[in-house]
Amino acid sequence: MPLTIITTIKEMQDLSDTLRKQGKTIACVPTMGYLHAGHASLIKEAVKSHDIVITTIFVNPLQFGPKEDFERYPRDTERDKNIIEASGGSILFYPSIDEMYPPDYQTTISVTNISKSFEGAFRPGHFEGVATVVAKLFGATKPHTAFFGQKDYQQTLIIKQMVHDLNLGICISIVPTLRESSGLAMSSRNVYLSDDEKKQALVLHSALSEGHSLIEHGERKRAKIEQVMHDILATCPEFTIQYASVAEADTLATPDIFLENKDLVLLIAGFLGKTRLIDNMLYLSKS
Ligand code: AMP
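Here's what I pulled together on the structure shown here. All values derive from a computational prediction rather than experimental measurement. (Residues numbered from 1 in each chain as written. Predicted model: local features only at pLDDT ≥ 70, side-chain atom pairs only at ≥ 80, totals over all residues. Heavy atoms only, no water.)

**Describing the site of the ligand**
Logical step 1: Taken together, 17 residues lie near the ligand, and Met32, Gly149, Asp152, Leu178 and Met186 sit nearest.
Logical step 2: Between an oxygen atom of the ligand and a main-chain N or O atom of Gly149, the distance comes to 2.9 Å.
Logical step 3: Between a nitrogen atom of the ligand and a main-chain N or O atom of Met186, the distance comes to 2.9 Å.
Logical step 4: Contact with the protein chains removes 92% of the 490 Å² of surface that the ligand exposes when unbound.
Logical step 5: Elements with a contribution of two residues or more to the shell around the ligand: strand S2 (26-31), helix H2 (37-49) and strand S5 (145-149).
Logical step 6: In terms of residue class, the shell around the ligand is made up of eight nonpolar, seven polar and two charged. (Near = heavy atom within 4 Å. Polar contact = N/O pair within 3.5 Å; in protein donor to acceptor, adjacent residues only side chain to side chain. Areas by Shrake-Rupley, 256 points an atom, 1.4 Å probe, with all protein chains shown as cover. Helix = DSSP H or I, 4+ residues; strand = E, 2+ residues; numbered from the N terminus. Nonpolar A, V, L, I, M, F, W, Y, C, P; charged D, E, K, R; others polar.)

**Quick look at the packing of helix H6 (residues 126-141) against helix H7 (residues 153-165)**
Logical step 1: The N-to-C vectors of H6 and H7 enclose an angle of 55°; their axes lie 10 Å apart at closest approach. It follows from the interaxial angle that H6 and H7 lie oblique. Judged by the twist between their axes, the crossing of H6 over H7 is right-handed. When H6 is examined against H7, the residues Phe127, Val130, Ala131, Val134, Ala135 and Phe138 are found in contact with a partner set consisting of Gln154, Gln155, Ile158, Ile159, Met162 and Val163.
Logical step 2: Of the residues contributing to the contact of H6 with H7, the split by class is ten nonpolar, two polar and no charged. (Axes fitted to C-alpha atoms, helices over the stretch in contact; angles between N-to-C directions. Parallel < 35°, antiparallel > 145°, perpendicular 65-115°, else oblique. Left-handed = near helix turned anticlockwise from the far one by under 90°. Contact = heavy atoms within 4.5 Å.)

**Regarding the sheet that holds S5**
Each strand in a sheet pairs with its neighbour through backbone hydrogen bonds, running either in the same direction (parallel) or in the opposite one (antiparallel).
Logical step 1: On the basis of which strands lie adjacent, the open sheet formed by six strands has the order S1-S4-S3-S2-S5-S6 and parallel pairing. At either end of the open sheet lies a strand with only one pairing partner, and these are strand S1 (4-6) and strand S6 (171-175). Neighbour to neighbour, the strand axes of the sheet diverge by 25° on average, direction disregarded.
Logical step 2: Those strands touched by helix H1 (residues 9-21) are S1, S2, strand S3 (52-57) and strand S4 (91-93), and its axis lies near 145° from that of S4. (Pairing = 2+ DSSP bridges.)

**Quick word on the packing of aromatic side chains**
Logical step 1: Scanning the entire structure with this criterion turns up seven aromatic pairs.
Logical step 2: Ring geometry for Phe64 and Phe70: centres 5.4 Å apart, planes at 65°, overall edge-to-face.
Logical step 3: By relative accessible area, Phe64 is classed as buried at 10%.
Logical step 4: Here Phe118 and Tyr243 contribute two aromatic rings whose centre-to-centre distance is 5.1 Å and whose plane-to-plane angle is 65°, an arrangement assigned as edge-to-face. Taken as a pair, Phe118 in the loop between helix H4 (97-100) and helix H5 (119-122) and Tyr243 in strand S7 (residues 239-248) lie far apart in primary sequence, 125 residues in all. In this pair, the class of Phe118 matches that of Tyr243, namely buried.
Logical step 5: Three or more aromatic residues link up through ring pairs in this structure, and these residues are Phe58, Tyr101 and Tyr105.
Logical step 6: Taking the ring centre of Tyr192 as reference, the NZ or CZ of Arg72 above it sits at 4.1 Å.
Logical step 7: For Arg79, the ring lying beneath its charged end belongs to Tyr34, and the centroid distance is 5.0 Å. (Phe/Tyr/Trp six-rings, centres within 6.5 Å; stacked < 30°, edge-to-face > 60°. Buried < 20%, exposed > 50% of the residue type's maximum accessible area, 1.4 Å probe, protein only. Lys NZ or Arg CZ within 6 Å of the ring centre and 35° of its normal.)

**Looking at the nonpolar core**
Logical step 1: Residues Phe93, Val134, Phe138, Ile159, Ile172, Leu252 and Leu267 are the most contacted members of the largest nonpolar core, which totals 42 residues.
Logical step 2: Those elements that provide at least two residues to this core are H1, S3, S4, H6, S5, H7, S7 and strand S8 (264-272).
Logical step 3: The element best represented in this core is H6, accounting for eight residues.
Logical step 4: When residues of this core are sorted by domain, at least three fall in each of domain 1 (4-175) and domain 2 (193-275).
Logical step 5: With sequence-adjacent residues up to four places away left out, Leu252 is seen in contact with Ile114, Ser117, Phe118, Tyr153, Gln154, Leu157, Ala247, Val265 and Leu267.
Logical step 6: With 24 residues, the next largest nonpolar core counts Leu233, Ile268, Leu272 and Met281 among its residues. (Core = buried A, V, L, I, M, F, W, Y, C linked by side-chain atoms within 4.5 Å. Domains from an automatic or database assignment.)

**Regarding the environment of Thr107**
Logical step 1: Mapped onto the elements, Thr107 comes out in the loop between H4 and H5.
Logical step 2: Judged by relative accessible area, Thr107 falls into the partly exposed class, the value being 47%.
Logical step 3: Note: C-alpha distance between Thr107 and Arg179 (72 residues apart in sequence) is 36 Å.

**Re the pairing of S2**
Logical step 1: With six of six residues buried, S2 lies mostly within the body of the structure.
Logical step 2: By the alternation rule, side chains of S2 split into Ile26, Cys28 and Pro30 and Ala27, Val29 and Thr31, which are all buried.
Logical step 3: Sheet topology places S2 next to S3; six bridges connect them, and they run parallel. Each bridged residue has a counterpart across the sheet, and for Ile26 the counterpart in S3 is Ile52.
Logical step 4: Crossover connection from S2 via H2 to parallel S3: handedness right-handed.
Logical step 5: The sheet contact formed by S2 and S5 spans two bridges and is parallel. For Cys28, the partnering residue across the bridge sits in S5 and is Ala146. (Right-handed = clockwise from strand over helix to strand, strands pointing away.)

Now the structure itself:
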């Protein structure tokens, strides 16, 4: 089936209402476009369990800081359409900035506690922008389920919290991070990296893997795990660390010593040259 492209909220809502009345299950995959195999894996996963998959493309100005890359964020909608179709997506919701934020727009959503640390500390306002746009995209597409990538780990917790707090009644499904064979997490921003930088960026995955292996061997002292991650990142002087840390996976709490039976998440962010990179790895406790 050819891809249906919708640009207005009203048309999107009407179509979703019609599909729901027909008894169809709807999934939403929010993206900022410049799609890669990681995005495609979200769409493919959604297609497995839903009749209709709506991919949204919207580069959301609200979630970029004043010095961030909103203007130069890569865009290629024609290529994106092919990737969506090839992945089995049937609808693209592609609104303009004015459609999403008309001049009288006034509301923002803030998921307070879990937004404070890590990304929230280094990107003030980012998660308010994310929560707000995702709530609007949910209101426009009316999905039963929405799919997000583990790549943006803290974002997944914030969206789940928002859906819970606001009783949105949408199931949130998290898809593992898709990586290049080298281990580099796929990201639209990887296009900014030179070939040398792509090699240097592998240090993030190495640091996460070493931290993970330390935990697997029984280490639960946060400082020890973080030291190993920092030591490995230091072997790549081109990478400027913002944070390299480990936290409880469900709350992002950072006690000095973790309990044995807690699921943990290792998190790294920083700059390689002018490009900001983030990555994470989950440790799931066996108990
Ligand atoms: P973005 O377009 O970067 O806002 O990402 C849209 C969605 O795709 C988010 O839920 C991301 O977490 C997810 N995503 C981005 N990169 C990957 C990846 N390498 N593997 C899986 N999901 C990803």
